[in-house]
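# Secondary and tertiary structure notes
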Amino acid sequence: MSKAPIHELERRDVRRRWFVALATLLSIALLSSTWIGLFAFFGTNTAYGTFSDLEKKYVPEVDDLLLDLPDLSQVSRIYTLNDVLLAELHDGKNSEPVRYDELPDIVIKAVLAAEDAEFFEHEGVDFAAIGGAAIDNLRGVTRGGSTITQQVVKQNFVGDEVTLQRKIQEAMVSVELERRYTKEQILEFYVNSVYYGWSAFGVKTAAREYFDKDLEELTIAEAATLFVPIRNPSQYDPRRQPERVLDRRNDVIDTMVAHEMITPAQGERAKDEPYVIQPHPEFKGPADHVVAEVRRALLNDAEFSFLGATSEERKKAIFGCPSDDVTCAGGGGLKVYVTIDLELQEKANEILNTWLPIADPSALSEDQLAACIQRYNNAQIPVPELPNLRCAPTGAIATVDNVTGAIKVMASGLPFDVEQFDLAIQGKRNPGSSFKPFALTAYLESGGSLNSFWDGRSPKAIDCPGCSPNPWVVHNAGGGGGGMSLFSGTQNSVNVVYAQVSKEVGPDRIIDTAHRMGVKSDLPAVYSLVLGAGAVSPLEMASAYSNFATNGLHADSYLVERIENTAGELIYARNVERIQVVDAAVMAAARRPLTQVVAAGTATRARIGRPQGGKTGTHQNYNEAWFVGFVPEYATAVWVGYPDFQAPLRNLTINGQFYSRLYGGTVPAPIWAEFMTYMLKDTPVSDFPDDPPGVSQYFVTPSTEVPLVVGLTTEQAVNDIYDAHLRPNPVEVPSLEAKGIVLTQDLAEGTGAAHGQVLTIEVSSGLPPEAPLIDLRTLTFDQAVTALGAFEEETGVALVWSASFREVKDPNQVGRILDTNPAPGATVTHGQSIVIVVGKLAP
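An account of the accompanying structure is given in this report. (Residues numbered from 1 in each chain as written. Predicted model: local features only at pLDDT ≥ 70, side-chain atom pairs only at ≥ 80, totals over all residues. Heavy atoms only, no water.)

Another aspect to go through is the sheet that holds strand 15 (residues 625-630). Ordered by their spatial adjacency, five strands build an open sheet running 5-4-16-15-14, and the pairing between neighbours is antiparallel. The two strands at the open ends of the sheet, each matched to only one other strand, are strand 5 (407-412) and strand 14 (613-618). Put simply, the sheet's adjacent strands are angled 10 degrees from each other on average, direction ignored. Relative to strand 5, strand 4 (residues 394-401) runs antiparallel, the two sharing five bridges. The partner of Ile 397 across the bridge, within strand 5, is Ala 411. In the packing of helix 22 (residues 584-600) onto the sheet, contacts are made with strand 14 and strand 15, and the angle to strand 14 comes to roughly 70 degrees. (Pairing = 2+ DSSP bridges. Helix = DSSP H or I, 4+ residues; strand = E, 2+ residues; numbered from the N terminus. Axes fitted to C-alpha atoms, helices over the stretch in contact; angles between N-to-C directions. Contact = heavy atoms within 4.5 Å.)

It is worth spelling out the state of the cysteines at this point. In the structure shown here, the tally under the stated rule is one disulfide. With a sulfur-sulfur separation of 2.1 Å, Cys 372 is cross-linked through a disulfide to Cys 391. The chirality of the disulfide connecting Cys 372 with Cys 391 is left-handed, given an S-S dihedral of about -85 degrees. Residue Cys 372 is located in helix 16 (residues 366-378), and its partner Cys 391 is located in the loop between helix 16 and strand 4; the two are separated by 19 residues in the primary sequence. The buried category is assigned to Cys 391, whose relative accessible area is 11%. (Disulfide = S-S within 2.5 Å. Buried < 20%, exposed > 50% of the residue type's maximum accessible area, 1.4 Å probe, protein only.)

Let's shift gears to the packing of aromatic side chains. Across all of its chains, the model carries 18 aromatic pairs by this definition. Centroid distance Phe 438 to Tyr 545: 6.1 Å. Interplanar angle 85 degrees. Geometry classified as edge-to-face. With Phe 438 in helix 17 (residues 436-445) and Tyr 545 in helix 21 (residues 538-550), this pair connects stretches of sequence that are 107 residues apart. Residue classification places Phe 438 among the buried residues on the basis of a relative accessible area of 0%. When the ring of Tyr 545 is compared with that of Phe 548, the centres are 5.4 Å apart and the planes differ by 75 degrees; the resulting orientation is edge-to-face. Highlighted residues: Tyr 545 and Phe 548, both in helix 21, separated by three residues, approximately one helical turn. Of the two residues examined, Tyr 545 and Phe 548, each falls in the buried class. (Phe/Tyr/Trp six-rings, centres within 6.5 Å; stacked < 30°, edge-to-face > 60°.)

Its 17 residues place the ends of helix 7 (residues 164-180) 24 Å apart at the C-alpha level, agreeing with the 24 Å of an ideal helix rising 1.5 Å per residue. Counting buried positions over the 17 residues of helix 7 gives 14, a clear majority of the element. (Expected span 1.5 Å × (residues − 1).)

Here the focus is the pattern of salt bridges. Scanning the entire structure with this criterion turns up 29 salt bridges. Ionic pairing is found between Arg 390 and Glu 419, a salt bridge with its closest N-O pair at 2.5 Å. Remark: Glu 419 occurs in the loop between strand 5 and helix 17 and Arg 390 occurs in the loop between helix 16 and strand 4; sequence separation between them is 29 residues. A single burial state applies to Arg 390 and to Glu 419, both of which are buried. Two residues, Asp 644 and Arg 390, come together in a salt bridge whose shortest N-O distance is 3.0 Å. Here the residue Asp 644 occupies a position in the loop between strand 16 (634-641) and strand 17 (650-654), and Arg 390 occupies one in the loop between helix 16 and strand 4, the gap between them amounting to 254 residues. Here the residues in one salt-bridge network are Asp 455, Arg 457, Lys 460 and Asp 723, joined through shared partners. (Salt bridge = Lys/Arg side-chain N within 4 Å of Asp/Glu carboxyl O.)

Written out as structure tokens, the structure is:
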């Protein structure tokens, strides 16, 4: 592409300095939205000196910057390791570049009206547009102020990071770009390079994608529609958001009229034209989500920096030269080999589609359709047109090789032509209880034991400083009750147990453990993280769970195995590096309860008859359902949920069975089992690594200190005993103390005890003590009085007694107790009156 004439360069160079200065100041103002401060800044005597300081700090010299627009040449190809072709890569997929002088006048007018009406008037930065955008932003109305030139610069040279330095560079480079290229060259590149949605790159391809027409056949209304998706193809999708696009199309037409590009009469006729978009042609790629992820990785990941130090260098290395520049040579021609097993990928998608088929919205009843629309409204997401409603849950499956980290499967429940967003890798959802193993690992690392004893009662209020609300009230999903070991709490996924573990370990340590094990996402430092408060992808979970199969020897997940150049020379091979991310004994110990989750816990439907482990996950209100499992060779994560929003998975019929509510163990677990059974059908059964030395220490029963609970209420005492990791045994006894007050405890305060040891407490029933009356007969009067005192001390039953006398002839009975009323053995209560019958000599 030829450069601007020399006289143009000289003329623009005179104005360059004040443009950069003003761009700098306006960038500051736009970022801070503090226009009053800007005006005050202009009014100071030191403005020039301040600008000079800012320019030195933020504004690099541009004279030597490489501002060549990206090019294209040879096609690169993506293959599986057994040479199955997945895709061809080239710049502007489905693109047919058009020279500026071939662009119809109405197309030029439409793009200017849609994106930059003053394009031919400004010098790269439109200060009026920036000011208008900033003022609108202050009013709460969001719109951009970028010119076409700035968009080219942002997309190809400086990126879109929201920083002062980047904004200044964008403005400066935009001015510089217009010094080096003519307006026509910049506009030609722009319309041929931007993305119009639905895999259409370039204006000519977009015209065919949406209207099945050549450019010269477009009407005013169609030309205006063509440029609506540019700023946000997902929010302004001509097929999925027709009403929104139609409104924006008419805005563009009004702008064309306002700028006298067309007459008012032409504008009215154009707005009256029916809105008609052609169906999208089906794309036949065998693994399009895989291809999209490969493209992203090659362009962005540091692993592939050898392809170029800048984004434009990488683009050329991967996609070759742009087809709008016939003078460019070189670039592209790569063979990229990926780790995906296409047979397994297709089987995973088949299983997902069997369990969770794509629902036809037109077949829904009125009630079902209303419920679906309500879910969108509840999630505050625009409701698509009927054919694009996603009213049924879907799923995703991700599998990694435990030893190498190679991604074998990344199956998204929706085909690429329905949803380009990959739920297996990009979809980050709340993992529910499947996040508990990271807290388990962190707790064991801190010296905890699987035989520690915990309160499993539900609900449980946990003091939670910083939480809102505080206390944090935690409920079990079903299991639990009473006290239990951490091993049992893991096997049965008891929420209240893990809430206590989270508080004891702390969220920061859980986050550190999860990140070391392979979770890459940012996680919130909150106690509820243990129950799935963070958001992660199925791939992250599969990668992290691989540690339980390898005793913590971890290799990061990866997709690209090797790359060859056009000559067949190897220019990249994945270097698998395995790191001991967690102590081997800790991981071996943590694996044991996870194997019991499948054997006899919440995931029995995942059993496949070989060594395996895993964990179910059901997020709050049943919004997500997970099972993440592992065998010695592979780790696989299965997620089930709604693709566009979070909504309760309730009252669903899946694979012929009705579910009033969906748990990780009810649908994700059997999906996992079906897929892994197929995957491992030709793999010999193997076992997990042997336990390393030191595993036994994580099964030692810890000790604790006995608390003082005498004088507390029963509820307070039981809570304190559980919190001390002991098992309470309250025994109610009669007492004059208020009902429920603890009278005694059988273990002394401050003494040591083993976790789970029983602490028996006597609790007042609130009723007077009672006991069988002792036999006083034959005792002397004094002996009887002494015996009643001992009876009171022993039983707590104090009696009120009186004496009556009966004549006797036997001198030996004189002064002795003949009988009592009530009789000996009868039950007497505290304060009851009794009569003692004493013998006296008859006359």
